[in-house]
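Architecture at a glance
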Amino acid sequence: MTDRIEQRINSLNKRLNSEKRFRIYCIGAMSFALAWVLILFLNIFSSGYSAFYRTVIQVDVPFLNLIEDTTQFSEMSSEDINNLSMYSFSKKAIYGLFPDIEEKKDKKMLIRLFSIEFEQEIREFLKSNKSNINETETIYLTASDDVDQVNKGNYPRDLDEDKRRIKDIQLLFFDDLVDRGLVSYEFNLPFLMRGDSREPELAGVGGSIVGSLFTILVVLILSFPIGIFAAIYLEEFAPKNRVTDFIEININNLAAVPSIVFGLLGLGIILNTFGLPRSTPLVGGIVLSLMTLPTIIIATRASLRAVPPSIREGALAVGATKMQAVMHHVVPVAMPGALTGTIIGLAQALGETAPLLLIGMVAFVVDVPQTPLDASASLPVQVYLWSESAERGYVEKTSATIMMLLGFLILMNLAAVLIRRKFETKW
Amino acid sequence: MGFILISLIILIGIASYFLGNLRAKNLRTSNQKNLKSLSHYYGYYVALWAVVPALLILLMITSFKPFFIEQYVLSDFIALGSYTETELSLLFTQIENTALGIKLFDENTILINGAVNKLNYINKTSENLTYVTVLGLSGLLVLYSLFNINNKLNSRKIVEKFLLVLYFTCSLVAIMTTVGIIFSLLYETLRFFSQVPITDFLFGLNWSPQRVFVREAGDLDTRDLANAFGAVPLFAGTFLIALIAMCVSVPVGLLTAIYMSEYASPKVRDWAKPIIEILAGIPTVVYGFFAALTVAPLVRDIGQGAGLTVSSESALAAGFVMGIMIIPFISSLSDDVIKSVPQSLREGSYAMGATKRETIVKVLLPAALPGIVGSFLLAVSRAIGETMIVVMAAGLNAKLTANPLDAATTITTQIVVILIGDQEFDSPKTQSAFALGLTLFVVTLALNFIALQVVKKYTERYD
């Protein structure tokens, strides 16, 4: 008898223990998923935030060496200043930081502390301040990528010299400059404004932001009306027949087609058959709109379906035609849902990369595009491009680009949530 | 030019709406005419006449213009008869560049100078002509439709008919997209299979299209082609990476779904669910970067610590990160299915003295199985079609391997590798990418179809 009770108790304990274990597994699985969200974000942010400031080095530029009287600059046009030969003058200004060094090799190393465009930067300074240039001006010149990374602590200094891109003598110069208080940080505005560059310290996301904007604009212009109209037709007017069924199956299938297949469509039909220009936001936008259409159509149909029939019937009862009932009464009510779906579709399009690779939006573009017909990159493509580069400076740039991309996505999703909260009617 | 013209047409459209509206009102008051529709429908009617034909004509002109311009500019060269088709198009590009001020010709012959002048002339004339034609047509039709307004005309019906046709056309875009996909994939694939036998593609063990590319200049014999385009290593790599991804995402996703639907308090659920769904909204290129820069080195270091040789582009890293990406697909779909199992089944099981785990494993999961299997299949199709993670974190060289620590390549990776940058169109290498795309398309469609069928056929109805 007691044996049996003991057996029972044992088996009950076993069952309860396995219940506990199972629960722990479940919690473990969920924490695992949550942890990766956290790790992903922390990883990106910790390596990316430093791209938003940059290292600059103060240099005294003796303009008197360039011209007898600095007031003469105010009479020069920009053209004249562009024609001034300033290369060796700029170099000399930099040598002025360490007047003692004689050797050519060391001088070269000193110059390499600065970004390759130091001459251009001095010229730009001259152009924008030409009316009141003093005999000597203090200019903040962009440091080279290696110096920037060392200054930010992203680059190990204790490697062997021949494994490092930055040499011992440069580190000596750099430490001396830091001691003299000439090295400082500045908000990295050029990063936000400029196009791509082969030099990490000069590369910016401006071009790809504009490219993404144009692409999304094209997607919006194409897919919003087409998606809404298609949804209205299918939900409100379509007769129940084979054609309608076929369209519906098609839309559901398209939603599941891998995005790269849309890239093949863009390459095969839009570029090679219709001959639209390669690498442009226009073509990218067309391809991405075809991809986002199913999302928009499905969301809009769902929100049209949620409009109670009493609204339609009320309108019809007072003599509206079917079209009037739909356009004046049903569609306005369903609009918040349609907008939410569109924004989510646009967010999807903004983060999409693979189809853009195939239609050539991976070109190296230095200029910020002016129209949707200029070759350009987009934010996610920029991430791909920079992640393939070897220089260390691109790592933080890539992470920073991802931060901006995620920022845009969060904003869009927030907008979608707000629209839904604010305008959604409960029936 | 196009932008200005389209803005002008839209302006004319807006103006003609007011004109039509005004005229209808005037007719009503002055002539005592009994118009059939409300006044503003006459406005829409006139505006439609103003805008739609003009836009259609503009579309036609812009699509045919380049061809006619080329014919006109090259007419002297064509008359000579000594140029082939490709030479002519090359010549035309050169003439275009010369007209833009880029100097390409060493000696400017009279013929070419003439052609450049012709090009400049025709460009200017055709632009003017386009303006005149489009705007003239628009204006004429506005006049026609304005005078067409009378008491026999029911403009509401016409406008509504137009809208209906417009809506229907928009819904056809989905079909056109599918047709476009199938057509573009099939066309190139068939040309590919005319050079490489389909059996060699499907069963060949060696994938190295680069070699063909290099050897193209010389003679290509079919044996070479067959050896270069065996896709089995790609299929194997895709399968391996998808398998790793599923090994991560299936247990995690399913257990998360069970926790969400059965254990979690509403408060935890409200917080945790959206956070996990963030994983689905992160662009795949971000996962790719994360995999290549963080996870792959980590996997390599751990592997080396354990004394294994791990490739720096291991299938394991790519598959693992892909698995994390897929978690929310499985968890939210399974969550919905588990939640929709009727409450009576749970309560019946509890009444028999079953613990929660026993209820879940023996009652709920079997009841929800079709939906859960459906979500797995959808996740597999997503894993197979995923591109950026594998492009950035998996290997590029095709090698037949089942070792997750080795580099593996996938179908999508190879499509990107082949088609990124410049490609020439008639080479079997380029066409092979389309054949891969078709394979991908067919496989993902089949998986989705099967998933739907499973859900439809095996879901039991409890009412």
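Residues numbered from 1 in each chain as written. Chains lettered and ligands numbered in written order. Predicted model: local features only at pLDDT ≥ 70, side-chain atom pairs only at ≥ 80, totals over all residues.

**Brief notes about the overall build of chain A**
Rule in force here: Helix and strand definitions follow DSSP, with helices as H or I runs of at least four residues and strands as E runs of at least two, each counted in order from the N terminus. Throughout, the radius of gyration refers to the C-alpha atoms, and the reference size of a globule is 2.2 Å times the residue count to the power 0.38. A residue is called partly exposed when the number of other C-beta atoms within 10 Å of its own lies between 12 and 20, exposed at 12 or fewer, and buried at 20 or more, with C-beta atoms placed from the backbone.
A tally of regular secondary structure across chain A gives 17 helices and 3 strands. In terms of overall size, chain A is more extended than a compact globule, its C-alpha atoms giving a radius of gyration of 31 Å where 427 residues would be expected to give roughly 22 Å. Taken over the C-alpha atoms alone, chain A extends approximately 90 × 85 × 40 Å along its principal axes. Looking at chain A as a whole, 43% of its 427 residues qualify as buried.

**A short note on the overall build of chain B**
Cut-off, in case you're wondering: Contact criterion: two residues are in contact if their C-beta atoms, reconstructed from the backbone, are within 7 Å.
For chain B, the helix and strand inventory stands at 18 helices and 0 strands. Its C-alpha radius of gyration of 32 Å places chain B more than 25% over the 23 Å reference for a compact globule of 463 residues. In terms of principal-axis extent, the alpha carbons of chain B reach across some 85 × 75 × 40 Å. Expressed as a percentage of the 463 residues in chain B, the buried residues total 41%. For chain B, the share of sequence-separated contacts (at least 6 apart) that also reach a separation of at least 24 residues comes to 77%.

**Looking at the domain arrangement of chain A**
Residues and elements named next belong to chain A. Going by this rule: For the purposes of this description, domain bounds are those given by an automatic or database domain assignment. Charged means Asp, Glu, Lys or Arg here, nonpolar means Ala, Val, Leu, Ile, Met, Phe, Trp, Tyr, Cys or Pro, and polar covers whatever is left, Gly included.
What the domain assignment reports for chain A is domain 1 (54-187) and domain 2 (206-423). Between the C-alpha centres of domain 1 and domain 2 the distance comes to 46 Å. Domain 1 puts 5 residues into the contact, and the matching count from domain 2 is 4 residues. Considered class by class, the residues forming the side of domain 1 that touches domain 2 number 1 nonpolar, 2 polar and 2 charged.

**Some words on the domain arrangement of chain B**
Once the domains are mapped, chain B shows domain 1 (2-153) and domain 2 (226-458). For domain 1 of chain B and domain 2 of chain B, the distance between their C-alpha centres works out to 51 Å.

**Describing the environment of Ser88(A)**
Residues and elements named next belong to chain A. Its place among the elements puts Ser-88 in helix H3 (residues 87-95). Residue class for Ser-88 comes out exposed when judged on the 9 C-beta atoms lying within 10 Å of it. For the pair Ser-88 and Gln-58, spaced 30 residues apart in sequence, the C-alpha to C-alpha distance is 18 Å.

**What to know about the interface of chain A and chain B**
Tallying the contact residues gives 61 residues for chain A and 62 residues for chain B. If one sorts the elements of the side of chain A that touches chain B by residue count, helix H1 (residues 2-48) of chain A sits on top with 18 residues. For the side of chain A that touches chain B, the class distribution of residues is 45 nonpolar, 13 polar and 3 charged.

**Here's the deal with the nonpolar core**
Applied cut-off: Connectivity within a nonpolar core runs through C-beta atoms within 7 Å, and the core itself is a set of buried Ala, Val, Leu, Ile, Met, Phe, Trp, Tyr and Cys residues.
Of all hydrophobic cores here, the largest spans 182 residues; its most connected members are Ala230(A), Ile241(B), Ala291(B), Ala318(B), Val321(B) and Ala393(B). By residue number, the principal contributor to this core is helix H10 (residues 232-263) of chain B, which donates 17 residues. For Ala318(B), the residues in contact, after removing those within four places along its chain, are Ile241(B), Ala291(B), Ile389(B), Val390(B), Ala393(B) and Ala394(B). Grouped together as the second largest cluster of nonpolar side chains are 25 residues, Leu113(A), Phe118(A), Leu126(A) and Ile139(A) included.

**Examining the packing of H1(A) against helix H17 (residues 393-423) of chain A**
All names here are of chain A. Inclusion rule: Throughout, an axis means a line fitted to C-alpha atoms (over the contacting stretch in the case of helices), and angles, computed between N-to-C directions, take values from 0 to 180 degrees. If an angle is under 35 degrees, it is roughly parallel; if it is over 145, roughly antiparallel; if it lies from 65 to 115, roughly perpendicular; otherwise it is oblique. The handedness criterion is simple: a crossing whose near helix is rotated anticlockwise from the far helix by less than a right angle is left-handed, and one whose near helix is rotated clockwise is right-handed.
Across the interface, H1 lies against H17 with an axial gap of 7 Å and an inter-helix angle of 125 degrees. With respect to H17, the axis of H1 lies oblique. Viewed along their axes, H1 and H17 form a crossing whose handedness is left-handed. In this structure, H1 uses Ile-44, Phe-45, Ser-47 and Gly-48 to contact H17, whose residues at the interface are Val-395, Glu-396, Ser-399, Ala-400, Ile-402 and Met-403.

**Observations regarding the sheet that holds strand S1 (residues 53-62) of chain A**
Residues and elements named next belong to chain A. Here is the rule we go by: For two strands to be treated as a pair, DSSP must find no fewer than two bridges joining them.
One open sheet holds the 3 strands; their spatial order is S2-S1-S3, and the pairing between them is antiparallel. On the outer flanks of this sheet lie strand S2 (136-142) and strand S3 (183-187), each paired with one strand and no other. Each strand of the sheet is rotated relative to its neighbour by a mean of 45 degrees, with strand direction disregarded. For S1 and S3, the ladder comprises 5 bridges, and the chain directions are antiparallel. Looking at S3, one finds that Thr-55 is bridged to Tyr-185.

**So, the packing of helix H2 (residues 39-73) of chain B against helix H6 (residues 155-195) of chain B**
All names here are of chain B. Following both chains from N to C, one finds H2 and H6 inclined at 55 degrees, their axes separated by 8 Å at the closest point. For the element pair H2 / H6, the angle class is oblique. Like other packed secondary-structure pairs, H2 and H6 cross with a definite hand, here left-handed. Across from Tyr-41, Tyr-42, Tyr-44, Tyr-45 and Leu-48 in H2, the residues of H6 making contact are Ser-155, Arg-156, Ile-158, Val-159 and Phe-162. Its residues assigned to classes, the contact of H2 with H6 shows 8 nonpolar, 1 polar and 1 charged.

**With respect to the confidence of the model for chain B**
Residues and elements named next belong to chain B. Keep this limit in mind: Along the chain, pLDDT gives the predictor's confidence residue by residue, from 0 to 100.
Summary statistics for chain B give a mean pLDDT of 86 and a share of 93% for residues scoring 70 or more. Per-residue pLDDT, averaged within each element of chain B, yields its smallest value for helix H8 (residues 209-215) (60) and its largest for H10 (94). The complex model carries a pTM of 0.89, and its ipTM stands at 0.90.

**Digging into helix H7 (residues 168-179) of chain A**
Each full turn of the α-helix corresponds to 3.6 residues, which orients residues three or four apart in the same direction. Residues and elements named next belong to chain A. For the record, the criterion: One less than the residue count of a helix, multiplied by 1.5 Å, gives the span that helix is expected to have. The directions from the helix axis to the C-beta atoms form the arc being described.
Its 12 residues place the ends of H7 17 Å apart at the C-alpha level, agreeing with the 16 Å of an ideal helix rising 1.5 Å per residue. For H7, every residue scored as buried is listed here: Gln-170, Phe-173, Phe-174 and Leu-177. Along H7, the residues classed as buried sweep out an arc of 95 degrees about the axis, all on the same side. Facing away from the buried side of H7 by over 90 degrees, the exposed positions are Asp-168 and Asp-179. Those residues of H7 that are buried lie in contact with S1, helix H4 (104-111), helix H6 (145-151) and S3. Remark: Gly-181 follows H7 within two positions and exhibits a positive phi of approximately 75 degrees.

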